[in-house]
Amino acid sequence: MARPRIVVIGAGFAGLHALRRLEKRVPKQAADIVLIAPNDYMLYSPLLPQVASGLLTPQSVAVSLHRSLRRTRMVPGSAIGIDADAKAVLVRKISDELTVERYDRLILAPGSLTRVFDIPGLTEYAYGNKNLAEATVLRDHVLAQLELANATSDPVEREERCRFIVVGGGYTGVETAASLRRLTDEAARLYPSLGAAISWHLVDIAPRLLPELGPKLGENALDLLRRMGVEVKLEVSVKEVTEHKVALTDGRVLPCRTLIWTAGTSPSPLMESVGTETNRGKLVVGSDLAVPDRPEIFAIGDAAAVPDLSKEDSSAICPPTAQYAERQGVVAADNVVASLTRRALRPFEHKDLGLVVDLGGNDAVARPLGYDLSGLPAFAVTRGYHLYSLPSNPARARVAANWMIRALTGGEVSRLGFHQGKPSTFVDLEAAHYLNPEDSRKESARLLDNAAARAGS
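This paragraph deals with the packing of aromatic side chains. Summed over the entire model, instances satisfying the criterion amount to four aromatic pairs. When the ring of Phe117 is compared with that of Trp261, the centres are 6.1 Å apart and the planes differ by 70°; the resulting orientation is edge-to-face. Highlighted residues: Phe117 in the loop between β9 (112-114) and α4 (122-125) and Trp261 in strand β17 (residues 258-261), separated in sequence by 144 residues. Trp261 gets classed as buried once you look at its relative accessible area, which sits at 2%. One residue, Arg383, lies across the ring of Trp403, its end atom 4.3 Å from the ring centre.

Spelled out as structure tokens, the structure:
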């Protein structure tokens, strides 16, 4: 009798913690464990703004899966469709080869994509900060603008290159604006004539920054940004983007060559291919993280609508944060094991432990366990939280070393040579390649038939 095959899609916070738990709970001869992911690392995304500013090296936040996992078979590629009837996952490998992976139990943790709107010019001219490629290119682009501004005698071009606009008042947007503002302040020491010309703007359609942290800390973050020289405009969004300007919904048209888009995320389109109920793109699951009509499928993380049992509102779902995702991964793994051994599944329940926002330098705001902190206490809690949450000792050592080197020697403002292009992942081109349930079944049947024919020949 063939061993059961447990397939996990995605190696983010949720997927990696599920895999670690499976390797710990499942005896080697009892089941095969397979991971489908495009990269061989887990990205610690909360620190991406510090990569964009050069405070951290890209390798510092890329947690090696080969060091973290011992017996998981890795399939390098992206899952683009699920044939739930045949219990098969359609995978486009990094070689562009289309293949299929069978499963007995499936854990879906594909994460999310950058959320975009139908704004003219947005996809052509905006920059994102959701992965390592984007963070690295963004840093080089920002530094290149200052070099080019310093080299021109055209006042119009100088104004365009010295203005930077960040869209999004959530964690990523606030941290990106603060971190890159500090980077341009450091770079301006090399170009004294640019100091007064450099301007940073943060706009968001919401009425306040960081609403999850409450009004007090949101105001603290707003004050810190303004003291740093970031102009913050709320209840404003982008109307149009061109190569040389950004039009806002408040009527202003700003000369600008750098729009950084951090206005939220949307669930992976993969969830729609399962063919069961979704909630705003998130796959609906029970409190045990299993799909009601497909008990062999579990969904966790950003792309799953997991009931929040800590809230009185029965319709509340868990927020898409790392602390929820990693704990969902552990419970999903335990419930996969329970389902294979015919034991009762346990519900997922977690009470929010709080949130932290690093504004660079020694500035931060944090709300651990419901207590509002700012200044040095928040800075200490924020840095300590990140070191604790990094899922490997080598990653902790690299991040701590980077912080120490920066404190002792100061920052570097040299470009790395990536500013000539921007990664296509700002608008994930793979989003167009996801299959609907019907196409998933057709492709799965074709590939399985081909595999059977090869086996019989």
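Our next topic: the pairing of strand β12 (residues 199-204). Burial analysis of β12 places six of its six residues in the buried class, which makes it a mostly covered element. Both faces of β12 are covered, namely the face carrying Ser199, His201 and Val203 and the face carrying Trp200, Leu202 and Asp204. Two elements, strand β11 (residues 163-167) and β12, share five bridges in a ladder whose sense is parallel. In the sheet register, Ile165 faces β12, and the bridge partner there is His201. For the crossover from β11 across helix α7 (residues 171-188) to β12, the handedness is right-handed. Pairing of β12 with strand β13 (residues 230-234) involves five bridges; the strand directions are parallel. The residue bridging Val203 from the neighbouring strand is Lys233, located in β13. Taken together, β12, helix α8 (residues 214-228) and β13 form a β-α-β motif whose crossover is right-handed.

Attention now moves to the nonpolar core. Among the nonpolar cores identified, the biggest contains 121 residues, and Ile9, Leu22 and Leu108 are the most heavily contacted of them. If we skip the residues at most four places from it in the chain, Leu22 touches Ile6, Val8, Ile33, Arg71, Ile107, Ala333, Val336 and Val337. In this structure, Ile119, Leu122, Val246 and Leu254 belong to the second largest nonpolar core, which totals 16 residues.

Residues Glu157, Glu160, Arg161 and Cys162 constitute the buried set of helix α6 (residues 155-162). Residues of α6 that are buried in the fold lie against α5 (132-151), β11, β12 and β16 (253-255). The opening residue of α6 is Asp154, an N-cap whose side-chain oxygen sits 2.9 Å from the backbone nitrogen of Val156.

About the cut-offs
- Residues numbered from 1 in each chain as written.
- Predicted model: local features only at pLDDT ≥ 70, side-chain atom pairs only at ≥ 80, totals over all residues.
- Heavy atoms only, no water.
- Phe/Tyr/Trp six-rings, centres within 6.5 Å; stacked < 30°, edge-to-face > 60°.
- Helix = DSSP H or I, 4+ residues; strand = E, 2+ residues; numbered from the N terminus.
- Buried < 20%, exposed > 50% of the residue type's maximum accessible area, 1.4 Å probe, protein only.
- Lys NZ or Arg CZ within 6 Å of the ring centre and 35° of its normal.
- Pairing = 2+ DSSP bridges.
- Right-handed = clockwise from strand over helix to strand, strands pointing away.
- Core = buried A, V, L, I, M, F, W, Y, C linked by side-chain atoms within 4.5 Å.
- Contact = heavy atoms within 4.5 Å.
- Polar contact = N/O pair within 3.5 Å; in protein donor to acceptor, adjacent residues only side chain to side chain.

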